[in-house]
Amino acid sequence: MSTKDSGMTRVRNFFDHPPSRQTLWFLVSVGLLYWGARGGASRTVIMGLFVLYAIAGTVWVRSQYEDSLDGRRHTLPHTSLIAIGVLAAGLGAAGWFREQSLETLVLTALILFFVGLGFRIVVLRHREDRVSLGRWALVAGGVSYFLGCAALGRAHWLVAAVLLVVALFLLPSGLAMLSEEAIHRNWRIRTPRQRLVRMTLGVVAFALIAVASADVADSPLVLLAFAAFGLLVVALTSSTMADVAAVLALVAFMGITPRQAALPPELTPSADRSNVLVALGDSYMSGEGAATFYERTDEGGGNGCRRSPTAWAAVAGQQDPFDGLDFLACSGASTYNVREPIAARSPGPETPKDPRPHAQDGEISTQLAQYQNRADARKYTPRLVVLSIGGNDAGFGTIGQMCVAPGNCGTEAALWNGGLEQVEESLRATYQEVRETFGRTPVAVIPYPDPIYNGPGSNCELIALSPRERTFIGEFLAGLNNKIRTVAEEFDFFYLVEMEGALANSGLQLCDPVNEGRPGLNFIGLRSVNGDPAQRFNPSNWTHNSLHPNERGHAAMLRVFKNWRDEVDPKPGDDPASAPEPGDLQAGADQASDLPDTTAACDVYGHLTPDVYSRADGEGCRNQGSDWALKQVGVQAGLVGVIGALAAAAAWTASAAYFGWRRARWPQVLEKREEAARQAMERGEAARTASGTSTASSADAST
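Rules behind the numbers
Residues numbered from 1 in each chain as written. Predicted model: local features only at pLDDT ≥ 70, side-chain atom pairs only at ≥ 80, totals over all residues. Heavy atoms only, no water. Helix = DSSP H or I, 4+ residues; strand = E, 2+ residues; numbered from the N terminus. Buried < 20%, exposed > 50% of the residue type's maximum accessible area, 1.4 Å probe, protein only. Areas by Shrake-Rupley, 256 points an atom, 1.4 Å probe, with all protein chains shown as cover. Pairing = 2+ DSSP bridges. Axes fitted to C-alpha atoms, helices over the stretch in contact; angles between N-to-C directions. Parallel < 35°, antiparallel > 145°, perpendicular 65-115°, else oblique. Left-handed = near helix turned anticlockwise from the far one by under 90°. Contact = heavy atoms within 4.5 Å. Nonpolar A, V, L, I, M, F, W, Y, C, P; charged D, E, K, R; others polar. Disulfide = S-S within 2.5 Å.

(A) The overall build of the protein, seen in detail. Tallying secondary structure elements over the protein gives 23 helices and five strands in all. Here the protein holds 703 residues, and 48% of them are scored as buried. Accessible surface, the protein: about 33,700 Å² in total, of which carbon and sulfur atoms supply 60%.

(B) Structural context of the pairing of strand β3 (residues 382–388). For β3, the tally of buried residues reaches seven of seven residues, placing the bulk of the element in the interior. In terms of strand pairing, strand β1 (residues 276–281) meets β3 through six bridges, oriented parallel. When the sheet's bridge partners are listed, V276 is paired in β3 with P382. Pairing geometry for β3 and strand β4 (residues 443–445), over three bridges, is parallel. In the sheet register, V385 faces β4, and the bridge partner there is V443.

(C) View of the packing of helix α2 (residues 18–36) against helix α10 (residues 242–254). Closest axis-to-axis distance for the α2/α10 pair is 10 Å, and the angle between their directions is 15°. By the angle class used here, α2 and α10 are roughly parallel. Between α2 and α10 the crossing geometry is left-handed. Seen from α2, the contacting residues are F26, V30, L33 and Y34; seen from α10, they are A245, L248, V251 and A252. Partitioned by chemical class, the residues of the contact of α2 with α10 number eight nonpolar, no polar and no charged.

(D) Spotlight on the state of the cysteines. Overall, the coordinates contain four disulfides when judged by the stated rule. With a sulfur-sulfur separation of 2.1 Å, C403 is cross-linked through a disulfide to C409. Disulfide C403-C409: the torsion about the S-S bond is 85°, which places it as right-handed. Relative accessible area serves as the criterion here: at 1%, C409 is assigned to the buried category. In this model C460 forms its disulfide with C511; the gap between the sulfur atoms is 1.8 Å. Disulfide C460-C511: torsion about the S-S bond near 120°, hence right-handed. Highlighted residues: C460 in the loop between β4 and α19 (467–490) and C511 in the loop between β5 (494–495) and α20 (533–536), separated in sequence by 51 residues. With its disulfide-bonded cysteines labelled consecutively along the sequence, the protein is connected as 1-2, 3-4, 5-6, 7-8.

Following this line, the structure appears as structure tokens:
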């Protein structure tokens, strides 16, 4: 036989082997799904690819299930594995040549490894020593899990990550190997009642654990988590790779990002514009929390400013009396990302008091430097500057992590309240440069709106914040706004005090029963980023929209701004002290005066690198806060691990009994199928005979 004939034979054998053929189509659907999940794909395309994936995945898993009922291993021959590997490598290489991205090859390799691991576990399930291997994997995985939990916040993050990843592989593998033996034993049980008792006890025990946990946590979301966990245990027990298909679908779904918006002409002010609104600051100004962002401002690993067309400043700049907007606000910005990077402004040979001004990732320079360059090039005239800054200096992001984590973040209030004095000094230096840059142009400083309702009838079942934590967040935010107002008044800046109640006065705070669960601020906002696959499918990039105003929140903030603008109508040279007072909302300042007088327990900029901040010591407030949150997560994860082990044992007992019952009934099912097929053939044969007889009779009659 020639080499060509031998190759063709291998190809035919590959497609004639059902597991190989089904695995190939499944992997093709995976590749198409991950290709479609890239940023900018239309909703129709994504939905179509998910339907295709669901069909291919169902056929793939169903084939594995039927093979397990027959007692066969659903595995692939070595030639099929090699062929699929070559195909996947080719697709990955094509993606690399198209995008010139190493991440595409890495993602392809990870998907192949994940699927290959699933096939390897199928092989291990049928080994003679599967029970001992499974027990060893469960014990080793359990030890690794609890050691990883203990290492969180106490050892280097890489140590905890390695231990938890090892547990993530060993625990499902051990459960799957023990499942085959459990199903086999349930299959051999003579009395169906015994299997029914096991199924019933397992289901009842799992339900009791889930309901008790939800009651203790006082959150219905716990029931959803238990439901997902139970389905995962069923998938691992089932002798299929349904868990692999589900995980791949979930990761692809989370990697989807909507189309980005094109930048309108109003956001590129030119020389003929004389009433331009200039927006400086952080995520509360840029629009973080929205569903859509402007092009090239939501790039994972690059520009992450996330400037949104629904941000209140973006909308205001395109309405009267403004004829343009210079949108410079950037998510994650601190005061040192706004100030101009001018060496003459540093204190000289002495240790700098504040971090060195520098641009954020993906930005060409700091915000004030960008304004100077644009204003000099385009010769436009600003009418008003709006500025929202200080939250990231004060540690908003880390405080959010601490409060979402288990435990009471309010116990660490002193860690952050003492740092407000340092934030005030940074605000003073930043406002000084803003005043020097814009001269007589009026500047309106925007405080942060109170995000959480803490009054009577609060509805916080879906918000993982205790009353004490909600109180701490409100008091800390009031203290920060008080510092912002104090410094703003020193430089004769307008201070939009009514913005503090923008969400509260519209009934859009978290926990406010008025909004019926549709607040103006995301508690947990799940949305990925644009960019390379390694960025889009990275779970750490999926929660950036959390704890930020959404479209409803920005609409409320826009109303407050427009009312203030219509009432005050600031013009160049106006003195805020002589402008009409926009309401009497002194609650924030009064509440802030009740804060304890603490000294800084840490450096709010200590997390920065020494080249940016000479006093960086790696022990700043953010690092201490993150370590505290990780420790709380580790303790809670250990407890969850114990409860999860009990729940998994209950679900596994019920699942093994069910699949053992299905395997025992499988011969009867096949017999019924064969009988139905035989009857269908007999009916078809009878119909053909009757048709032939009728035709012959018609021919005789015509003769």
